[in-house]
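Chain by chain, the residues run as shown.
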Amino acid sequence: MPRLAAYQDFVRETGPAGFVLVRVVEAKGSTPRDTDAWMLVSGSGTFGTIGGGRLELEAIDQARAVLAGAEAAPLALPLGPAIGQCCGGHVTLSFEIIPPARFSETEALVQAEDAADPEVWLFGGGHVGRALAAALLLLPVKVHVAETRADELALTPEGAARHLTALPESLVANVAPGSAVIVLTHDHALDFLIVSAALARDDLAQVGMIGSDTKRMTFEHQYVREGGDRERLARLTCPIGRKLADKRPEVIAATVAADIIAALVDWRDSRRQDAS
């Protein structure tokens with residue numbers, strides 16, 4: 001979900017004194033966030049988070065002291081009983097005043113984070129597809145919904161990109177590397193075409209298909225019979241989500257969204273390890 005609009009609201013409420021950029025510059029042991037975390041603190045509000053709890057309260061107090069004229073010195077905090085936290089790690093924070101003339105710099109930080117959000121493509125905009133789109137729109141991902149039915153696509157939650165097409169499988173080629181592709185159409189034959197196209201790629205974080213164990217077995221037999229590489233089937237997640245007695249769309253969506261985020265994070269971390 002893009003954060004730029006929320007940032008712009010924060011800026012509009014900021015006075016001429018500007019705000020303070022708080023960064024986690026060092027994180028050792030068990031900490032709420034890592035060194036990519038930052039937040040903005042003005043005299044009356046905040047944007048972003050460095051992990052919450054007493055750590056964040058201490059950071060906000062220090063940032064507002066800096067706005068009032070105190071030295072912008074780093075703050076080292078052990079996350080133990082002394083500050084009412086039990087993480088056991090150690091965090092060092094930096095503080096920098098950002099005057100109005102430099103607001104574009106922090107806006108660029110927000111835009112960079114939004115641009116780095118991975119894509120999740122939902123093929124199918126029925127009850128579960130809509131519930132899953134709504135759940136994902138609360139998360140740092142770009143949501144796309146592809147449908148063959150205009151009336152169903154029109155019900156897609158605001159904020160998701162909509163794609164009306166007679167050949168949804170053709171859109172798989174447009175999906176960005178590192179994305180998740182989740183297939184939940186109303187037609188098993190269509191599911192087969194989309195999943196087959198997704199499995200042909202080796203650069204997706206997740207390929208998932210709604211259904212039962214029986215549906216997976218049926219898909220596997222057809223996939224291999226039509227020349228698909230059996231080894232690629234290991235990349236298919238089907239069924240998706242957890243098996244629960246409650247099968248309401250919103251409940252299914254909650255468990256599937258959690259699995260999607262886990263797959264996206266695992267993919268990102270594996271790419272970082274490969275690059276290091």
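Small disclaimer: the values here were computed from a predicted structure and weren't measured.

Caption draft 1: Inspection of the nonpolar core at higher detail. Val 120, Leu 122, Leu 132, Leu 136, Val 143, Ile 182 and Ile 260 are the most contacted members of the largest nonpolar core, which totals 23 residues. Of all the elements in the fold, those that place two or more residues in this core are strand S6 (119-123), helix H4 (127-136), strand S7 (142-147), strand S9 (180-183) and helix H8 (249-275). Those residues in contact with Ile 260 that sit more than four places away from it in its chain are Val 120, Leu 132, Leu 136, Ala 180, Ile 182 and Gln 206. One finds Val 183, Leu 204, Phe 219 and Leu 233 within the second-largest nonpolar core, a separate group that totals 22 residues.

Caption draft 2: Quick look at the environment of Arg 216. With respect to the element layout, Arg 216 can be found in helix H7 (residues 213-225). On the basis of relative accessibility, which here comes to 16%, the residue Arg 216 falls in the buried class. When residues no more than four places from it in sequence are discounted, the contact partners of Arg 216 are Leu 233, Leu 236, Thr 237 and Cys 238. One polar contact links the side chain of Arg 216 to the main-chain carbonyl oxygen of Leu 236, over a distance of 2.7 Å.

Caption draft 3: Summary view of helix H1 (residues 4-12). Tyr 7, Phe 10 and Val 11 are the residues of H1 that are buried. Seen end-on, H1 carries its buried residues on one side only, within an arc spanning 100 degrees. Buried residues along H1 sit against strand S1 (19-28), strand S2 (38-41), strand S3 (46-49) and helix H3 (103-116).

About the cut-offs
- Residues numbered from 1 in each chain as written.
- Predicted model: local features only at pLDDT ≥ 70, side-chain atom pairs only at ≥ 80, totals over all residues.
- Heavy atoms only, no water.
- Core = buried A, V, L, I, M, F, W, Y, C linked by side-chain atoms within 4.5 Å.
- Buried < 20%, exposed > 50% of the residue type's maximum accessible area, 1.4 Å probe, protein only.
- Helix = DSSP H or I, 4+ residues; strand = E, 2+ residues; numbered from the N terminus.
- Contact = heavy atoms within 4.5 Å.
- Polar contact = N/O pair within 3.5 Å; in protein donor to acceptor, adjacent residues only side chain to side chain.
- Arc of directions from axis to C-beta.

Coordinates in, geometry out; function isn't part of it.
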